[in-house]
Amino acid sequence: MKKNIDIIPNVETLFGTRDENLRILEDGLNVNIDLRANSIEIEGAAADVKRAEQVFADFEQLQNSGHSFHNGDLGSMMRVLATDPTATLRGLAEAGRQRSFGKRTVQPKSINQRRYLDAIENNDMVFGVGPAGTGKTYLAVAMAISALSAKRVNRIILARPAVEAGERLGFLPGTLQEKVDPYLRPLYDALYDMLEPEKVDRYLEKNIIEIAPIAFMRGRTLNDSFIILDEAQNTTPEQMKMFVTRMGFNSKAVITGDITQIDLPNSKRSGMLEAIDILHKVNGIAFVNFDESDVVRHHLVQRIIRAYDEHKQRVETAQLPFPAENGKSGNGKSKDGVVLSAEPSANEPETGQHVAD
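Throughout, a residue's number is its position along its own chain's written sequence, starting from 1. Local features in a predicted model are, by the rule used here, given only for residues with pLDDT of at least 70; side-chain atom pairs are given and counted only at 80 or more, and totals for whole chains, interfaces and linings are based on all residues. Values shown for side chains rest on all heavy atoms present in the structure; no hydrogens or waters enter the calculation.

This paragraph deals with the packing of aromatic side chains. Classification of ring pairs rests on two measures: the distance between centres of Phe, Tyr or Trp rings, Trp counted by its six-membered ring, which must be within 6.5 Å, and the angle between planes, read as stacked under 30 degrees, edge-to-face over 60 and tilted in between. Summed over the entire model, instances satisfying the criterion amount to three aromatic pairs. On the numbers, 6.3 Å between centres and 85 degrees between planes, the contact of Phe 15 with Phe 56 is edge-to-face. One end of the pair, Phe 15, is in helix H1 (residues 11-15); the other, Phe 56, is in helix H3 (residues 46-64), with 41 residues separating them in the sequence. Burial classes follow relative accessibility: with a 1.4 Å probe on protein chains only, a residue under 20% of its type's maximum area counts as buried, one over 50% as exposed, and anything between as partly exposed. Phe 15 gets classed as buried once you look at its relative accessible area, which sits at 7%. Taken together, a centroid distance of 5.1 Å and an interplanar angle of 80 degrees make the contact between Tyr 116 and Phe 290 edge-to-face. For the purposes of this entry, the term helix denotes a DSSP run of H or I that reaches at least four residues, the term strand denotes a run of E that reaches at least two, and both are numbered from the N terminus.

At least two bridges found by DSSP between two strands are what make those strands a pair. The three strands lie next to each other as E1-E3-E2, forming an open sheet whose pairing is antiparallel. Each edge of the open sheet is held by one strand with a lone partner, namely strand E1 (2-6) and strand E2 (31-35). Averaged over neighbouring strand pairs, the angle between their axes works out to 20 degrees when direction is ignored. Bridge analysis of E2 against strand E3 (residues 39-44) gives five bridges, and the strand direction is antiparallel. Pairing of Asn 32 across the sheet is with Glu 43, part of E3. The axes used here are C-alpha line fits, helices contributing only the stretch in contact, and every angle between their N-to-C directions lies in the interval 0 to 180 degrees.

Here the focus is the nonpolar core. We define the nonpolar core as a collection of buried residues of types Ala, Val, Leu, Ile, Met, Phe, Trp, Tyr and Cys that are connected through side-chain atoms lying within 4.5 Å of one another. Residues Tyr 116, Val 141, Leu 158, Phe 226 and Ile 228 are the most contacted members of the largest nonpolar core, which totals 36 residues. Every element with two or more residues in this core is listed here: helix H6 (111-122), helix H7 (136-149), strand E5 (155-159), helix H9 (185-194), helix H10 (197-205), strand E6 (209-211), strand E7 (225-229) and strand E9 (285-289). Among the elements that line this core, the one with the most residues is H7, at nine residues. We call two residues in contact whenever any of their non-hydrogen atoms come within 4.5 Å of each other. Aside from chain neighbours lying at most four places away, what touches Leu 158 is Leu 184, Leu 187, Leu 191, Ile 209, Glu 210, Ile 211, Ala 212 and Ile 228. With 29 residues, the next largest nonpolar core counts Leu 29, Ile 42, Ala 52 and Leu 74 among its residues.

What follows deals with a nonpolar patch on the surface. A cluster of nonpolar side chains, contributed by Leu 300, Ile 304 and Tyr 308, occupies part of the molecular surface with about 290 Å² of accessible area. Assignment of secondary structure puts Leu 300 in helix H13 (residues 299-318). Each patch groups residues whose relative accessible area exceeds 30% and which form no salt bridge, using 9 Å between like charges and 5 Å between nonpolar side chains of Val, Leu, Ile, Met, Phe, Trp and Tyr. Residue-level accessible areas treat just the shown protein chains as cover; the underlying method is Shrake-Rupley with a 1.4 Å probe. The term salt bridge refers to a side-chain nitrogen of Lys or Arg lying within 4 Å of a carboxyl oxygen of Asp or Glu.

A few words now on the sheet that holds E6. The sheet built from six strands is open, its strands ordered E6-E5-E7-E8-E4-E9 with parallel pairing. Two strands close off the open sheet at either side, each with one partner strand: E6 and E9. Averaged over all pairs of adjacent strands, the angle between strand axes in this sheet comes to 15 degrees, irrespective of strand direction. Bridge analysis of E5 against E7 gives five bridges, and the strand direction is parallel. Residue pairing in the sheet places Leu 158 in a bridge with Ile 228 of E7. Strands strand E4 (125-129), strand E8 (252-257) and E9 of the sheet are contacted by helix H12 (residues 271-279), whose axis makes an angle of about 125 degrees with E4.

Dropping the structure here:
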């Protein structure tokens, strides 16, 4: 099927730099779009052509209503449109406009980011699990600022376990706040990116935005609060249980972490992994999983994450148990299931030990 539609003003904005948005739209909707002398020609299956035509109609309507697209927003929306058949350009743009994110307009850049924002909006507790650079922390801070600006909560509480990533920082000088600040820098970066620095400083001074080391949250009940626990993969099971039971009335909690980067010492099990196992069927708690396709940092980050995942799979395949022989099974047990040896080899980590990538 072919369909010709009138050329709309500023259509080059929709097409993007070097037609990059157009290519995303063509690949995602399985259509061919050509710019003719007096029209735009769309070719493909009837349903796909109709969706593409709707994108152009939505773009024109948004322009006429005064909506301005910021750098990168249209590309992000096109990627969501390409993967979510229920999404529309107008719906995505108006959803971003309905939420106040301070000085920034925040648009989901992938289908999982959109699900994440919707999950935070519709649930009181959300776990965001995935690799670095997928926007877990940034979007959580954006939703916290949106809730604070709309007066749905009275304060934002930011927490993060103080665990070093494989290095010892020693005893840091200064007050408790100054000792904890280095661990919370990613949260500060997101705050200063979305709010004026003076406003962030004022909120911190008045405890409207509170930095709460997880070790000091025991015994508290947090009402009317938007609570973010970042780097949750580095909590112990005891810390995680304590955190998820701090919620009071009219509060939301977002728990983010990357379960491939656990830095806990002494082979302790991650509290985040245990919480996912225990809470996955609890009504009112949502879980959103990200992967390398959701990475919104430098394009190399996606490739790096994919390379690490492939390496991990190769290592796991190489460590598969040997075929059974001499009455022993490949898992170190005899045929009747008795453990034959509990001692690890010199080159093998103890059971349950996690080696951070």
